[in-house]
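Structural description and commentary
Residue strings, one per chain:
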Amino acid sequence: MYSQGLLAIDAENSETPEFLAAFQARIDADEKIEPNDPMPAAYRKTLIRQIGQHAHSEIVGMLPEGNWITRAPTLRRKVSLLAKVQDEGGHGLYLYSAAETLGVSRKEMTEELISGRAKYSSIFNYPTQSWADIGAIGWLVDGAAIMNQVPLCRCSYGPYARAMIRVCKEESFHQRQGYEIMVTLAVGAPEQKEMAQDALNRWWWPSLMMFGPPDGESMHSDQSTQWKIKRFSNDELRQKFVDATVPQAHHLGLTLPDTDLKWDKDKQSYEYGEIDWDAFWRVVKGNGPLNRNRVAARKKAWEDGEWVREAALEHARKRRERSMQSQAAE
Ligand code: 3HC
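An account of the accompanying structure is given in this report. The structure presented is a predicted model; accordingly, all values stated were derived computationally and were not measured. What you see as residue numbers is a count from 1 along each chain, following the sequence as written. Predicted model: local features are reported for residues with pLDDT of at least 70 only, side-chain atom pairs are reported and counted for 80 or more only, and whole-chain, interface and lining totals are derived from all residues. Water and hydrogen atoms were dropped before computing side-chain values, which therefore reflect all heavy atoms in the structure.

Near residues are defined by distance, with any heavy atom within 4 Å of the molecule or strand qualifying the residue. Of all residues adjacent to the ligand, which total 33 residues, the nearest are Glu88, Lys119, Ser218, His220 and Lys230. Note that a nitrogen atom of the ligand is positioned 3.5 Å from one of the side-chain N or O atoms of Gln50. One of the side-chain N or O atoms of Glu88 is found 2.6 Å from an oxygen atom in the ligand. Accessible surface is estimated by sampling points in the Shrake-Rupley manner with a 1.4 Å probe; for residues, cover comes only from the protein chains shown. Computed on the free molecule, the ligand has an accessible area of 1,000 Å², of which 93% lies beneath the protein chains in the complex. Here a polar contact is recorded for every N or O atom pair within 3.5 Å, except that within protein the pair must consist of a potential hydrogen donor and a potential acceptor, and residues adjacent in sequence are included only if both atoms are side-chain atoms.

Turning our eyes to something else, we now look at the environment of Gln86. By the element assignment, Gln86 lies in helix α5 (residues 75-100). To sort residues, take the accessible area from a 1.4 Å probe on protein chains only and compare it with the maximum for the residue type: under 20% means buried, over 50% means exposed, and anything in between is partly exposed. The exposure class of Gln86 is exposed, given its relative accessible area of 61%. With 20 residues separating them in the primary sequence, Gln86 and Gly66 have C-alpha atoms 9.3 Å apart. Think of it this way: any DSSP run of H or I at least four residues long counts as a helix, any run of E at least two long counts as a strand, and we number them from the N terminus.

Attention shifts here to the nonpolar core. As used here, the term nonpolar core means buried Ala, Val, Leu, Ile, Met, Phe, Trp, Tyr and Cys residues forming a set that is joined through side-chain atoms within 4.5 Å. Grouped together as the largest cluster of nonpolar side chains are 49 residues, with contacts concentrated most on Trp139, Leu140, Leu200, Trp203 and Trp204. Sorting the residues of this core by element identifies α5, α7 (131-149), α8 (158-186), α9 (190-209), α11 (234-252) and α12 (277-287) as the ones contributing at least two each. Residue contributions to this core peak at 9 residues, all from α7. Here, residues are in contact when the closest pair of their heavy atoms is within 4.5 Å. Once you skip the residues sitting within four places of it in the chain, Trp203 turns out to touch Ile123, Tyr126, Pro127, Thr128, Asp133, Ala136, Ile137, Leu140 and Val141. Residues Met39, Leu47, Ile51 and Tyr160 belong to the second largest nonpolar core, which totals 26 residues.

This part is about the packing of aromatic side chains. By convention, a stacked pair of Phe, Tyr or Trp rings (six-membered ring in the case of Trp) has centres within 6.5 Å and planes under 30 degrees apart, an edge-to-face pair has planes over 60 apart, and any other such pair is tilted. In total, this model carries 10 aromatic pairs according to the counting rule given. Between Tyr126 and Trp203, the ring centres sit 6.2 Å apart and the planes meet at 70 degrees, which makes this aromatic pair edge-to-face. Of this pair, Tyr126 sits in the loop between α6 (106-114) and α7 while Trp203 sits in helix α9, and the two are 77 residues apart along the sequence. With a relative accessible area of 17%, Tyr126 lands in the buried category.

With that settled, the discussion passes to unusual backbone geometry. One non-glycine residue, Asp30, adopts positive backbone phi at about 60 degrees. If you trace the backbone, Asp30 turns up in the loop between α2 (17-28) and α3 (41-60). With a relative accessible area of 47%, Asp30 lands in the partly exposed category. Despite not being glycine, Gln268 shows a phi value in the positive range, around 50 degrees. Within the fold, Gln268 resides in the loop between β1 (262-264) and β2 (269-271). For Gln268, a relative accessible area of 52% translates into the label exposed.

Purely spatial values, then, with no claim about function.
Below, the structure written as structure tokens:
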């Protein structure tokens, strides 16, 4: 594993005030922290938590859309959706690799996910009921992901920041393919427009919840901001998303399912209604519409892949053995 040679893990035993101040000075100077650099144990732990959750979200996020690959309405739509779902798998792999540089294995992270100890984004616990949901997910969910993830390209931890650059480029294509589906439906037959409106009604509020609890209840934000893991607060990003997305809904001729939504001329920003935070926490705590199915699907995939992992390890062992034998014979 990439992290086996980590130098810093032992060094963390002595977190003197001088060590912590020197670390913060590097962050304040916008230096990137790299895997072998000394870092506070809490910084490492926070990153493992966030990157691990992020990786799980990408992988679990393949399930709701994967559900529509065989039912895409045209060949072109099928090809785009296949490419998108495959990209999400790739994002999960870069992110698991970034987390591994901090000294945790993918096996450990996966076991945390399938035992229910690790979180993944609340948004992926809702069902995809119609083709319009694929449009709404690309437009809203990937749109929210971009808003949250572009600042992560400047995260203080080098491997995470670098992984996010490619992820964001791909998310941008995902957002466009979703919006294009919505445009097609919105200018189509009345039934198609109705499908688009229904999808917007169901995905709007869960998309706003993706940014996490309100700032006052966000337990990790202060520390993560000080370490420049987070560059904007949950509410700031949510507001940016609302301001960018509402005009797009108007362009589609669709109505946002929020009777309190109004333009605030002074703030040059939209005021939006109260988010149902009880519903959010129910989903985060495992009681959303599809939490159990999602975790069961990941558990099955992990168990079904056991033989592949064993075969790869055995192959690597044999190659090592052959190489040692040929070296000994020279
Ligand atoms: N779903 C599930 N759990 C959530 C959540 C959400 N939408 N929002 C917050 N939480 C959890 C946090 O993980 C934390 O729980 P923990 O202590 O057990 O880890 C708790 O709620 C409190 O939240 P905080 O605001 O204190 O947590 P953070 O400071 O970590 O902020 C975050 C939450 C904004 C999601 C941040 O972790 C982050 O930016 N993560 C990276 C991006 C990410 O993971 N996005 C997920 C979507 S990926 C995606 O959409 C794929 C794309 O292809 C569409």
